[in-house]
Amino acid sequence: MAAAVAWLRRGAWGPARRCGLAAARSYSGGGSYPNVSLTCPLPGVPKAVFAAAEGRERFETRVTVLENGLRVASQNKFGQFCTVGLLINSGSRHEAKYLSGIAHFLEKLAFSSTAQFSSKDEILLTLEKHGGICDCQASRDTIMYAVSADAKGLDTVVNLLADVALQPRLSDEEIEMTRMAIRFELEDLNMRPDPEPLLTEMIHAAAYRENTVGLKRFCPVENTDKIDQKVLHSYLRNYYTPDRMVLAGVGIEHEQLVECAKKHLLGVEPVWGSAQTKEVDRSVAQYTGGIVKVEKDMSDVSLGPTPIPELTHIMIGLESCSFLEEDFIPFAVLNMMMGGGGSFSAGGPGKGMFTRLYLNVLNRHHWMYNATSYHHSYEDTGLLCIHASADPKQVREMVEIITREFILMAGAIGEVELERAKTQLKSMLMMNLESRPVIFEDVGRQVLATNTRKLPHELCALISKVKSTDIKRVVTKMLHKKPAVAALGDLTDLPTYEHIQEALSSKDGRLPRMYRLFR
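- Under an unreviewed UniProt entry, the name given to the protein chain is Mitochondrial-processing peptidase subunit alpha, and the source organism is Bambusicola thoracicus.
- According to the UniProt record, the Subunit (unreviewed entry) comment for the protein chain is "Heterodimer of PMPCA (alpha) and PMPCB (beta) subunits, forming the mitochondrial processing protease (MPP) in which PMPCA is involved in substrate recognition and binding and PMPCB is the catalytic subunit."
- Quoted straight from UniProt, the Function (unreviewed entry) entry for the protein chain says "Substrate recognition and binding subunit of the essential mitochondrial processing protease (MPP), which cleaves the mitochondrial sequence off newly imported precursors proteins."

1. What to know about the sheet that holds strand E12 (residues 484-489)
Consideration 1: The six strands lie next to each other as E7-E12-E8-E11-E10-E9, forming an open sheet whose pairing is mixed. Only two strands of the sheet have a single partner each, and these edge strands are strand E7 (290-295) and strand E9 (340-342). Here the average twist between neighbouring strands, direction ignored, is 20°.
Consideration 2: Pairing of strand E8 (residues 312-319) with E12 involves five bridges; the strand directions are antiparallel. By the bridge assignment, His 313 is partnered in E12 with Leu 488.
Consideration 3: Contacts from helix H6 (residues 196-207) reach E7, E8, strand E10 (368-377), strand E11 (382-390) and E12, with the element oriented near 145° to E12.

2. Quick word on helix H14 (residues 456-464)
Since one α-helical turn is 3.6 residues long, residues separated by three or four positions face the same way.
Consideration 1: Those residues of H14 lying buried are Pro 456, Leu 459, Cys 460 and Ile 463. Down the axis of H14, the buried set is contained in an arc of 100°. They therefore lie on one face.

3. Some words on the nonpolar core
Across soluble globular proteins, nonpolar side chains have a tendency to be buried as a group.
Consideration 1: Counting residues in each nonpolar core, the largest one holds 77 residues, and the members touching the most others are Val 84, Phe 111, Tyr 145, Leu 161, Leu 232, Tyr 240 and Leu 247.
Consideration 2: Sorting elements by how many residues they give to this core places helix H4 (residues 154-166) first, with nine residues.
Consideration 3: Both of domain 1 (62-265) and domain 2 (290-505) provide at least three residues apiece to this core.
Consideration 4: With residues up to four places along the chain from it excluded, the contact list for Leu 232 reads Ile 102, Phe 105, Leu 106, Leu 109, Leu 170, Ile 175 and Ile 227.
Consideration 5: The next biggest cluster of nonpolar side chains, apart from the first, holds 52 residues, and it includes Cys 321, Ile 386, Val 399 and Met 409.

4. Re helix H3 (residues 120-128)
Consideration 1: Buried within H3 are the following residues: Ile 123, Thr 126 and Leu 127. Take H3 and look down its axis: the buried residues cluster within an arc of 95°, on one side only. For H3, the exposed residues set more than 90 degrees away from the buried face come down to Asp 121, Leu 125 and Glu 128.
Consideration 2: Next to the buried residues of H3 lie strand E4 (133-138), strand E5 (143-150) and H4.

5. Side note on the sheet that holds strand E2 (residues 71-75)
Consideration 1: Across the sheet, which stays open at both edges, the six strands sit in the order E1-E2-E6-E3-E5-E4 with mixed pairing between neighbours. Single-partner strands in this sheet number two, and they are strand E1 (62-65) and E4. This sheet shows a mean twist of 15° between the axes of neighbouring strands, independent of strand direction.
Consideration 2: Two elements, strand E3 (residues 81-88) and strand E6 (residues 245-250), share six bridges in a ladder whose sense is antiparallel. Following the sheet pairing, Thr 83 is matched in E6 by Val 250.

6. Concerning the confidence of the model for the protein chain
Consideration 1: With 89% of its residues at a pLDDT of 70 or more, the protein chain has an overall mean of 90.
Consideration 2: Across residues 1-28, confidence stays below pLDDT 50; counting only partners more than four residues off in sequence or on other chains, it has 32 contacts.

7. Some remarks on the pattern of salt bridges
Consideration 1: Using the criterion set out here, one finds 19 salt bridges in the structure.
Consideration 2: Glu 319 is the partner of Lys 481 in a salt bridge, and the nearest nitrogen-oxygen pair spans 3.0 Å. Of the two residues, Lys 481 is situated in the loop between helix H15 (468-478) and E12 and Glu 319 in strand E8; the sequence distance between them amounts to 162 residues.
Consideration 3: A salt bridge links Arg 445 to Glu 441, with the shortest nitrogen-to-oxygen separation between them at 2.9 Å.

8. Some points on unusual backbone geometry
Consideration 1: Positive phi is not limited to glycine here, since Phe 111 has a value of about 60°.
Consideration 2: Position of Phe 111 relative to the elements: it lies in the loop between helix H2 (102-109) and H3.
Consideration 3: With a phi close to 70°, Asn 451 is a non-glycine residue in the positive phi region.
Consideration 4: For Asn 451, the location among the structural elements is in the loop between helix H13 (436-450) and H14.

9. Considering the pairing of E4
Consideration 1: Where E4 lies against E5, six bridges are found, and the strand directions are antiparallel. Bridge assignment links Ala 138 to a residue of E5, and that residue is Ile 143.
Consideration 2: Counted between consecutive antiparallel strands, the loop separating E4 from E5 contains four residues.

10. Concerning the pairing of E5
Along any regular strand, the residues point their side chains to alternate faces of the sheet.
Consideration 1: Of all eight residues that make up E5, eight are buried, and the element is covered over most of its length.
Consideration 2: In terms of strand pairing, E3 meets E5 through eight bridges, oriented antiparallel. Residue pairing across strands places Gly 85 opposite Ala 146, the latter belonging to E5.

Here is what the cut-offs are and how they apply
Residues numbered from 1 in each chain as written. Predicted model: local features only at pLDDT ≥ 70, side-chain atom pairs only at ≥ 80, totals over all residues. Heavy atoms only, no water. UniProt positions renumbered as here; feature names shortened; annotations may be inferred. Pairing = 2+ DSSP bridges. Helix = DSSP H or I, 4+ residues; strand = E, 2+ residues; numbered from the N terminus. Axes fitted to C-alpha atoms, helices over the stretch in contact; angles between N-to-C directions. Contact = heavy atoms within 4.5 Å. Buried < 20%, exposed > 50% of the residue type's maximum accessible area, 1.4 Å probe, protein only. Arc of directions from axis to C-beta. Core = buried A, V, L, I, M, F, W, Y, C linked by side-chain atoms within 4.5 Å. Domains from an automatic or database assignment. pLDDT = per-residue confidence, 0-100. Salt bridge = Lys/Arg side-chain N within 4 Å of Asp/Glu carboxyl O.

This is the structure we're talking about:
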């Protein structure tokens, strides 16, 4: 086949390809090919009708707002199964006037007994009839209840979601079980070899000290016994209201989803009553910068025949922008350009081996175990961070390497490097959006924040427009902010916060020199 294509590309047929001049050619069977050209219609054969892609409107996200303020959003997708869920504008950032950890409790209590279902087992058996699974995730700004099941069971699924979100029993027994689960999770969090969840918590606390997204995402141990049904109901009364909810679905017809929403989510009395909301926190995130340090013995985190060596973990971040701003796309490209990962990698396409943190850091400094870029973005703020790990004796050198990388972000950017980052970002975006649950979350979060949704091709067009000048502009603005620093492990050689701030304000990112009389 390949040889035939190459032959065609060389023009081996010459003038015989032109209409009316096709020459007869013999073949091994003794006959000859008919004197017709493939570029002209065949005589006596009906005109071909080719399949065409349906109109783009069929693939656009449709949104309907119900009388009570609830938004219903859907996205078409071929397949027998659908993913449907409720996304609620609620989370740990709204707990300023409450005990920290309520969102964590609600996440663990999800899909327990309700007014219609006597236990979690009954809920799972109901979903099993439609080949369904369920999940709940709580983040700093959103709580999400989701179900994936056969599309034929849509009415049952929406009924279940409405009952789980608005009619939970929250019995004493269930709350006590949740306390035990949370205590175990907190204990595990401090013991696991991967400190990334803990460092993410610390960097947010440093960047947004005691406000909004800087509030604790995980329930503090001292609050586990204080949170009960009364505390949960007082929170739910203010934040689980229809105007703060989106019912999102992927793989179902919009009209069908709207009918189910009207049936099960319109005029429903929540178990905590429908009293007027009083204490809704509408605070805007205030970036403060700062440092959070946790001195900890990391020598026995991973024991065994091949234990992980003792490491000190540092994360340095600077304020970026919210996902509603135009600069969000340049920051996303910048994050992809920085990339990074662990010191051990098998490589391969799309692994990011040509990103800056691999080329400039991990490939040059063999003693660094990790260097990874992260970008956290919210409705009113954002945080670009670099996480690095190394032996405690080389903490100072590691911090200087990170600060230099931040300064180099505002320097020259090669055309090949930029195009690679943009292509990789578009590739990852399209690859992730092949998954139905990912499409569901994308639809729900965008509609919850903006009442509409940008489609993948629109995002790809915005990514393609990013220029090196855009990257330099957003980085220059970012470097004028105070840094946020999180440090975990043996911090004997950690530079002071003032020295890190001075390095990020310098031209080369170097820490101030220190001279010691005695070593």
